[in-house]
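Breakdown of the fold
Below are the chains, spelled out letter by letter.
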Amino acid sequence: MTELDREQVTRKVQSILVEVLNLEAPPGPDERLVEDLGAESVDVLSLLFELEEAFGRSIPDEQVPELSTVRAIVDRILAAGHAAGGAA
Amino acid sequence: LTAAAARRRVVVTGTGVVSALGNTTGSFWQSCLAGRTAVAPIPEQWRRYSSLRSPAWSPLGDWDRESSLLTRLERKRLDITSQLAVLAAEEALTEAGLELRVADGKRNTRTLVARDPERLGVFMGTGVGGVSTLLAVASHVMLAAGKERLAELASTLDAAATAGGGTAGGARLVEAVLAELPSPVSFNPFAVTMAMPNAVSANLAIKLGLHGPCPTFTCACASGTVAIGQAFRALRGGECDFALAGGTEYLWDAYGCTFRGFDAVGALAQGDLPLAQLNRPFDRRRCGFLFSEGGCAVLVLEELESARRRGARPLAEVRGFGETCDGHDLIALEPSGREARRAIELCLADACLAPEEIGYVNAHGTGTSLNDPLEAQVVAEALGPEVAVSSTKSLLGHTLGASGALEAVATVRTLLEGVAHGCRCLEEPVAELRFLTRATRIGAAHALSQSFAFGGQNAVLALSRC
């Protein structure tokens, strides 16, 4: 996975978070979804829905608690891309 | 004062509609008066999965209008029954002159200006709630793994054909099978909150910050009528001062499952007549009801004095409500019509109206072989043969849980404008009643809107001109 791929995925994750959480600016890589960005349970479900549609990768329920920051989400998507044989 | 006169009075101050005949009350009503209908052949894809007897349905069309009340993400996490209710409620509130203010920008919620949210209720009806969503979710869960394996098989067969070890026919066959198995690409994490019927009322309460009673009524084709009737009782009894009441339904699914269910019990219009003539309530050649994709109507109901204080214009008064149950059969009407007639009588008593005071009946009028003659008999017995009668379903088809609310809106417009719409395709009436066959000026001061549902649930509303 190249650094460019990481940037593309990061930008897409940030734009999804801007819409889901109604943010005024893209969140930083280490901002926490719940504590810093005010995500509620319905937001987390929307986020999962949008991520799965955007990247074509399903996120197992047991991995959801790990998706605590932008960086963690991007890592998970990139790892899922590798596991599935490439980026979406 | 008598006990009845001492009761609080309830008026309609706004209505909103989403329907195959128009996505506002005005366009819906103009279509009704013009005798329009919206009939189309059923989606071709449904015939892949089922041998269907009924060839026609009434598609909802372009309902999905822009609204600041529904963001792109909300449209994905609210079942269409709830989306229709939000759009219809928005129109109804606007007509009622009730101002909305943003309550929470992030959650895209509103509040009603100068109204006590604890005195505001929601009473919606729906026949099947979020079944459309549930069927889509089920297709994903059941098919996703199998479709992945079929895709792998197609790829393997294709590679074998390329290497000269087989033909491409196998791969094409597998791909054709895949194309006939539509399903969402991902699991919908909102499956439960979209499928549950009470989301219809709850979504309106959440969107508008309402904290009064918030039930949802599922009484099949009587759901909308029962919802309005129960809202009327809550307002009259002092439980709340304002209510959004109505019905909503959405019945499309990729495989035509819901359509097939009604088709299988012989309820849907079928036969050799042209599509546009299949739906013919109260006619001797009736052949079942026209399945509608869905629709919604929401009425703003208010306690009269509360409405007057804020200068609202009453469109009509809700005067009475009666409901009974046949206790007989889930599909067939009780053959004597006793309980349907008793629902009318209870409604009249509740409204303190005599039978001869009723000038118009918006009938249940489905076009099924069982309903129409029995309903005509019941109307004649309860009200006499002179009352004007028409069926909104002759134009709109059957929207199940939304139908009673849409018909209540038609009845409100009839009282307000002094004109009733006709029964489409009514050439040889099943009985000697005053059936209207075209838009007709009538001077009705009082009218009934009635629904007789699967389950044997009978519900009748009395409405009066203001």
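Residues numbered from 1 in each chain as written. Chains lettered and ligands numbered in written order. Predicted model: local features only at pLDDT ≥ 70, side-chain atom pairs only at ≥ 80, totals over all residues. Heavy atoms only, no water.

**Points about the pairing of strand β18 (residues 457–464) of chain B**
If a strand is regular, its side chains alternate between the two faces of the sheet. Residues and elements named next belong to chain B. We count it as follows: Accessibility here uses a 1.4 Å probe with only protein chains present; expressed as a share of the type maximum, an area under 20% marks a residue as buried, one over 50% as exposed, and anything in between as partly exposed. A run of H or I in DSSP counts as a helix once it spans at least four residues, and a run of E counts as a strand once it spans at least two, with each numbered from the N terminus. Whether two strands pair depends on DSSP finding at least two bridges between them.
The buried count for β18 comes to seven of eight residues, which makes it a mostly enclosed element. Both strand β11 (residues 316–325) and β18 contribute to a ladder of eight bridges, which runs antiparallel. Bridging from a neighbouring strand, Thr324 pairs with Asn458 of β18. Relative to β18, strand β17 (residues 446–452) runs antiparallel, the two being bridged by seven bridges. In the sheet register, Ala447 faces β18, and the bridge partner there is Leu463. As consecutive antiparallel partners, β17 and β18 are separated by four residues, and within that stretch Gly455 has a phi angle of approximately 100 degrees, a positive value.

**A short note on helix α5 (residues 80–95) of chain B**
Residue and element names in this part refer to chain B. The line we're drawing: Helices are assigned an expected span. That span is 1.5 Å times one less than the residue count.
With 16 residues, α5 should cover 22 Å at 1.5 Å per step; its first-to-last C-alpha distance of 23 Å lies within 8% of that length. The element α5 is extensively covered by neighbouring structure, given that twelve of its 16 residues are classed as buried. Among the residues of α5, those classed as buried are Thr81, Ser82, Gln83, Leu84, Ala85, Val86, Leu87, Ala88, Ala89, Glu91, Ala92 and Leu93.

**Quick look at the confidence of the model for chain B**
We apply this condition: The predictor's confidence in any single residue is recorded as pLDDT, a number from 0 to 100.
Taken over all residues, the pLDDT of chain B has a mean of 95, while the share at 70 or more is 98%. Interface confidence in the predicted complex, given as ipTM, is 0.82; pTM for the same model is 0.94.

**Some thoughts on the environment of Pro55 of chain B**
All names here are of chain B. The condition is simple: The contact criterion used is simple: two residues touch if any of their non-hydrogen atoms lie within 4.5 Å.
Considering the arrangement of structural elements, one finds Pro55 in the loop between α3 (46–49) and β3 (56–58). Separated by 220 residues in the primary sequence, Pro55 and Leu275 have C-alpha atoms spaced 7.5 Å apart. Ignoring sequence-local partners within four residues, the contact set of Pro55 consists of Ala40, Pro41, Ile42, Arg47, Ala269, Gln270, Leu275 and Leu278.

**Topic: the sheet that holds β11 of chain B**
Pairing between the strands of a sheet is mediated by backbone hydrogen bonds and can be parallel or antiparallel. All names here are of chain B. For the record, the criterion: In this analysis an axis means a line fitted to C-alpha atoms, helices contributing only their contacting stretch, and an angle means the value between N-to-C directions, from 0 to 180 degrees.
If you trace the eleven strands from one edge of the open sheet to the other, you get β7-β6-β8-β10-β1-β11-β18-β17-β12-β13-β15, paired in mixed fashion. With partners counted over all chains shown, the strands left at the sheet margins are β7 (216–217) and β15 (434–435), one partner each. Pairing of strand β6 (residues 120–125) with strand β8 (residues 242–250), which is carried by six bridges, proceeds in the parallel orientation. Paired with Gly125 across the two strands is Gly247, which belongs to β8. Here α5 sits on the sheet in contact with β1 (10–18), β6, β8 and β10 (294–303), set at roughly 130 degrees to β1. Where helix α14 (residues 371–383) meets the sheet, it contacts β12 (358–362), β13 (388–390), β15 and β17, and its direction lies at approximately 145 degrees from that of β17.

**Points about the pattern of salt bridges**
Here is the rule: A pair is scored as a salt bridge if a Lys or Arg side-chain nitrogen falls within 4 Å of a carboxyl oxygen belonging to Asp or Glu.
Under the criterion given, the structure shown has 31 salt bridges over all chains. A salt bridge links Arg115 of chain B to Glu302 of chain B; its shortest N-O distance comes to 3.3 Å. Of the two residues, Arg115 of chain B sits in the loop between β5 (109–112) and β6 while Glu302 of chain B sits in strand β10, which places them 187 residues apart along the sequence. The exposure class assigned to Arg115 of chain B is buried, which follows from its relative accessible area of 16%. Accessibility expressed as a relative area gives 0% for Glu302 of chain B, which makes it buried. By sharing partners, the salt bridges in this structure join Glu19, Glu50 and Glu53 of chain A together with Arg72 and Lys76 of chain B into a single network.

**Quick look at the confidence of the model for chain A**
Confidence in the prediction for chain A averages 85 pLDDT; 88% of positions are at 70 or higher. At the level of individual helices and strands, chain A shows its lowest average pLDDT in helix α3 (residues 70–83) of chain A, which scores 84, and its highest in helix α2 (residues 41–55) of chain A, which scores 91.

**Section: the side chain of Glu407 of chain B**
Residues and elements named next belong to chain B. Note the threshold: Counting of polar contacts relies on pairs of N or O atoms within 3.5 Å, with two restrictions inside protein: one atom must be capable of donating a hydrogen and the other of accepting it, and residues adjacent in sequence are counted only when both atoms are side-chain atoms.
Locating Glu407 in the fold gives a position in helix α16 (residues 403–417). A distance of 2.8 Å separates polar atoms of two side chains, one belonging to Glu407 and the other to Lys393. Not counting chain neighbours up to four residues away, the residues in contact with Glu407 comprise Asn362, Ala363, Thr392, Lys393, Ser449, Gln450 and Ser451.

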